[in-house]
Each structure stands twice: as structure tokens, then as C-alpha cells.
Amino acid sequence: MEVEIGSLSLSGSPRLAGERTEHIQVLAAAQNPLPPITVHRSTMRVIDGYHRLKAARLRGENTIAARFFDGDEAAAFVLAVQLNVHHGLPLALADRKRAAERIVVSHPQWSDRRVASVTGIAPGTVGEIRRRVVQLPGPEGRRLGQDGRLRPVDGSTGRILAGELLTENPELSLRQVARAAGISPETARDVRNRLRNGEDPLPRQRRRKQAEAEPGEPPGRGEFGALRLARPAPRTRPDMASAPDRAVLIKRLKADPALRFTETGRNLLRLLVLHSLRKEEWEAIVSNVPPHCSDIVADLARQFADLWSDFAERVRDDVAQIG
């Protein structure tokens, strides 16, 4: 609906650096009508459309098209951040970090990933901000994830239970394990990968924290009486020495006629070549993944790692039996 420009407030914007004059001038010079802004109905504060409102004033207009939002002020701020991160003139990194500080205080039950999805920064950065600005809840604390489910902040018990379930029945799906252990499917995948690699279900840091939290507990049992898993004997793993060594092996495979002259062989060689980057090339790729893509990239990488792991087992076992 059309709203009187004089009735609107620009206070509380997540843009701490203020307006971009050149952007306002570009919007004002455009011939097309400006897209509707978003306004918090109870306070008449502009949630999204700061520069559009300024441009309308510069045009000499008295009204502007607006949509109303009826949530509380905390929800209005979250919406303002979300809208200004994902379209229009994006928020600067400093603005997004400051917004995350405010959101972890107003929504302490939200997970780091959920706050990160709103603010467009990495979940690890949100975790650092949370540790700095709020007191972390104890192990009994729970947070609301992106999927709308509450999960414990300390997932140690769930990881241990997931490890037991996967050890007893490796055929269980990740969703079945996650549901039974009260953890996310991603955590269940991490536990499965750790077991396959001969590692403990708990990352080293969590094992240390758990040991500090339970100094007098018998070593055989963890919190809530869950049996701790005995660490499996580590597998014999191939020498992953260096990229040059891998390049030599791939070069040798590329010279093999059994691979060179078949379509499936050439597909395999192309896949292997893609993974033969030097360490510094991998580091360059990691450091240049955009923060808003990090979750998707990490999830795909884990899925591809699972595919390669299954592929390795089948090549080692099935093909060896055929030979």
C-alpha cells in the first residue's frame, strides 16, 4: 500500500556505515517505479528499503509503496538483516558481524548455523561472536537449528550413541541414526566417517572437555551412563605423502591402455586428475569459498568423500575378488 514518507522512521538500520549517496542517486534517476519497501507496522520503522526511501525523497515524492511486517522488534531486525544480506546493496562484513552479535543475544536458542544463514557469515565466526558476547549454556542447553529442531549444544552423548548404533548395525541410514541419537544427519555422517577412518566418534577437543567435566567418572561410561566406545584399531592407510607423488601415480595410470582406451577408464582418470592439486592450491580454494556458500560446499564435499570411500572399498574388495 502507499505510505506517507513523513510517517516512516529510518532508525535501527543494520547499516552502521550509513547511506551510499551514489546508490541513492542511481535509484532516483531510474525511470521505473521503485520496488516496495518493507515496514515494521507497530513502529513504522523501515526494515528494508533505506536507499529506496531516500531516492523517493530525492525525487520529491510524498508517498512510497510498502509492505508491512507484524512481528516483534527482534524479529523485525532479523528480517532486516536477512533481506539486506541476500539482495540489493549487500551489508558490509562489519555490519553482518555486528548484526550477528545482536541476534545471538536476542535469539540465544538459535544455533550458530541458523544465525549464519541469516547474517551471511560462517558458522565458526558466529560461534566466536557468541563466546565473546554471551555466556554459553551448560551441556543441558539446547539450540534451534535451521530445520526447526531443538538439539543439545553439547552433542557428545549423541555422538557416542551414534557410534554404538553404527558399530552394531552399519547398514542404518544417517537419518535413522540421527533420529535415534538426537543429533543432526551431518553429525551422524561425521561420526560414520570417523569410525571408518579408525577414529574416535568424539573430536579431540570434545573428548578433552568431556574428560574435564567428568574427572571422577569410571572410564567405561560417559554422561547419562552411555558406554564409551573402545577406539577401533586404526586401518592401514595408503601413503598420502605429497601431490607430486600422487601426480606420478596418476601419470602411470594415464599410460595404462586399459584405462586410456575405454570411456569409463577415461572418466576415472579425469576424476583422479581433479584431485591431484598441490596442498597450496587446495588452501587457496578453501580460503576463497564465499561465506554464504560454505555450508553447501562442505556438505557436498562430505557427500563426495562418502562416495569416494565407498568406491575405494568396492575397488579394494570387489575387484580383488574378481581378480
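Because the structure is predicted, anything quoted here is derived from the model rather than measured.

Visitor: Any chance you could explain the nonpolar core here in plain terms?
Guide: Inside soluble globular proteins, nonpolar side chains tend to come together where they are buried. Counting residues in hydrophobic clusters, the biggest one holds 16 residues, and the most contacted among them are Val-81, Ile-103, Trp-110, Val-115, Val-118 and Val-126. Those elements that place two or more of their residues in this core are α3 (73-86), α4 (93-106), α5 (112-119) and α6 (123-133). Discounting chain neighbours no more than four positions away, the residues touching Val-115 are Ala-100, Ile-103, Val-104, Trp-110, Val-126 and Arg-130. Listed in part, the 15 residues of the second largest apolar core include Ile-24, Ala-28, Ile-37 and Ile-64.

Visitor: Whenever I open this one, helix α7 (residues 156-168) confuses me. Can you help?
Guide: Note on helix geometry: an α-helix contains 3.6 residues per turn, so any two residues three or four positions apart are oriented the same way. End to end, α7 covers 19 Å across 13 residues, agreeing with the expected 18 Å (1.5 Å per residue, within 8%). Across the 13 residues that make up α7, a large majority, 10, are buried. Among the residues making up α7, those that are buried are Ser-156, Thr-157, Gly-158, Arg-159, Ile-160, Ala-162, Gly-163, Glu-164, Leu-165 and Leu-166.

Visitor: Would you take a moment to explain the side chain of Thr-38 for this structure?
Guide: Looking at the secondary structure, you find Thr-38 in strand β2 (residues 37-40). Ignoring anything within four residues of it in the chain, the contact list for Thr-38 reads Arg-45, Val-46, Ile-47, Asp-48, Arg-67, Phe-69, Leu-79 and Leu-83.

Visitor: Explanation requested: the pattern of salt bridges in the structure shown.
Guide: Opposite charge on two side chains permits them to pair, given that their charged atoms come into close proximity. Under the defined criterion, the tally for this structure stands at 13 salt bridges. One salt bridge connects Asp-48 with Arg-52, and the closest N-O pair in it is separated by 2.9 Å. A residue is classified by how much of its surface remains accessible, and Asp-48, at 7% relative accessible area, is buried. A salt bridge links Asp-190 to Arg-159, with the shortest nitrogen-to-oxygen separation between them at 2.9 Å. Of this pair, Asp-190 sits in helix α9 (residues 185-196) while Arg-159 sits in helix α7, and the two are 31 residues apart along the sequence. By relative accessible area, Asp-190 is classed as partly exposed at 22%. On the basis of relative accessibility, which here comes to 7%, the residue Arg-159 falls in the buried class. Overlapping salt bridges, with partners in common, bring together Arg-159, Asp-190, Arg-194 and Glu-199 in one network.

Visitor: What should I look at first to understand the sheet that holds strand β3 (residues 45-48) in this one?
Guide: Each strand in a sheet pairs with its neighbour through backbone hydrogen bonds, running either in the same direction (parallel) or in the opposite one (antiparallel). The strand order across the open sheet formed by four strands is β1-β4-β2-β3, and the pairing between neighbours is mixed. Pairing within the sheet leaves two strands with one partner each, and these edge strands are β1 (2-4) and β3. For this sheet, the mean angle separating the axes of adjacent strands, direction not counted, is 60°. As defined by bridge partners, β2 adjoins strand β4 (residues 63-69) across four bridges and the pair is classed as parallel. Following the sheet pairing, Val-39 is matched in β4 by Phe-68. Running over the sheet, helix α2 (residues 50-59) touches β2, β3 and β4 and is turned about 120° from β3. α3 contacts β2, β3 and β4 of the sheet and is inclined by roughly 40° relative to β3.

Rules and cut-offs
Numbers given to residues run from 1 along each chain, matching the order in which its sequence is written. This being a predicted model, a pLDDT of at least 70 is required before a residue's local features are given, and a value of 80 or more before pairs of side-chain atoms are given or counted; all residues contribute to the totals for chains, interfaces and linings. The basis for every side-chain value is the complete set of non-hydrogen atoms in the structure, without hydrogens or water. Only buried residues count toward a nonpolar core. Its members are Ala, Val, Leu, Ile, Met, Phe, Trp, Tyr and Cys residues joined through side-chain atoms within 4.5 Å. The classification of residues rests on relative accessible area computed with a 1.4 Å probe and restricted to protein chains. Under 20% of the type maximum is buried, over 50% is exposed, and intermediate values are partly exposed. Each helix is a run of H or I in the DSSP string that is no shorter than four residues. Each strand is a run of E no shorter than two, and both are numbered from the N terminus. Residue contacts are counted whenever heavy atoms from the two residues lie within 4.5 Å of one another. Here a helix's expected span is defined as the number of its residues, less one, multiplied by 1.5 Å. Salt bridges are defined by distance alone: a side-chain nitrogen of Lys or Arg within 4 Å of a carboxyl oxygen of Asp or Glu. Here, strands pair whenever DSSP counts at least two bridges between them. Lines fitted to C-alpha atoms define the axes here, with helix axes fitted over just the stretch in contact, and angles between the N-to-C directions of these axes take values from 0 to 180 degrees.

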